[in-house]
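In case you want the letters, here they are:
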Amino acid sequence: MRNNARMRALLQETGTAGLSAQDIPPMFREVVERGRSLTPGDGRVLTDLLPEILPA
């Protein structure tokens, strides 16, 4: 699995100690619960954040 260097750096700089799922607003938890998808470049993305495919 490839890693996103920018996201990894952001998470290392952000204090997340003591946070739990209850700290995440419900609407964001719902997006996570709807799952993940792979992009053509093998990236893992929350499915709800993928752009919709428009009909040709």
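Read on for a plain summary of the structure.

Conventions used here
Residues numbered from 1 in each chain as written. Predicted model: local features only at pLDDT ≥ 70, side-chain atom pairs only at ≥ 80, totals over all residues. Heavy atoms only, no water. Salt bridge = Lys/Arg side-chain N within 4 Å of Asp/Glu carboxyl O. Helix = DSSP H or I, 4+ residues; strand = E, 2+ residues; numbered from the N terminus. Buried < 20%, exposed > 50% of the residue type's maximum accessible area, 1.4 Å probe, protein only. Patch = residues over 30% accessible without salt bridge, like charges linked within 9 Å, V, L, I, M, F, W, Y side chains within 5 Å. Areas by Shrake-Rupley, 256 points an atom, 1.4 Å probe, with all protein chains shown as cover.

## A word on the pattern of salt bridges
Pairs can form between side chains of opposite charge whenever their charged atoms are close.
Here is step 1: Counted by the stated rule, this structure contains 1 salt bridge.
Here is step 2: A salt bridge links aspartate 48 to arginine 34; its shortest N-O distance comes to 2.4 Å. Highlighted residues: aspartate 48 in the segment after β2 (44-46) and arginine 34 in the loop between α2 (26-33) and β1 (36-38), separated in sequence by 14 residues.
Here is step 3: Looking at arginine 34, the relative accessible area reads 48%, which means it is partly exposed.

## Some remarks on a nonpolar patch on the surface
Here is step 1: Taken together, the side chains of Met7, Leu10 and Leu11 present a nonpolar region at the surface, about 290 Å² in accessible area.
Here is step 2: In this structure, methionine 7 sits in helix α1 (residues 5-13).
Here is step 3: Methionine 7 sits in the partly exposed class, given a relative accessible area of 43%.

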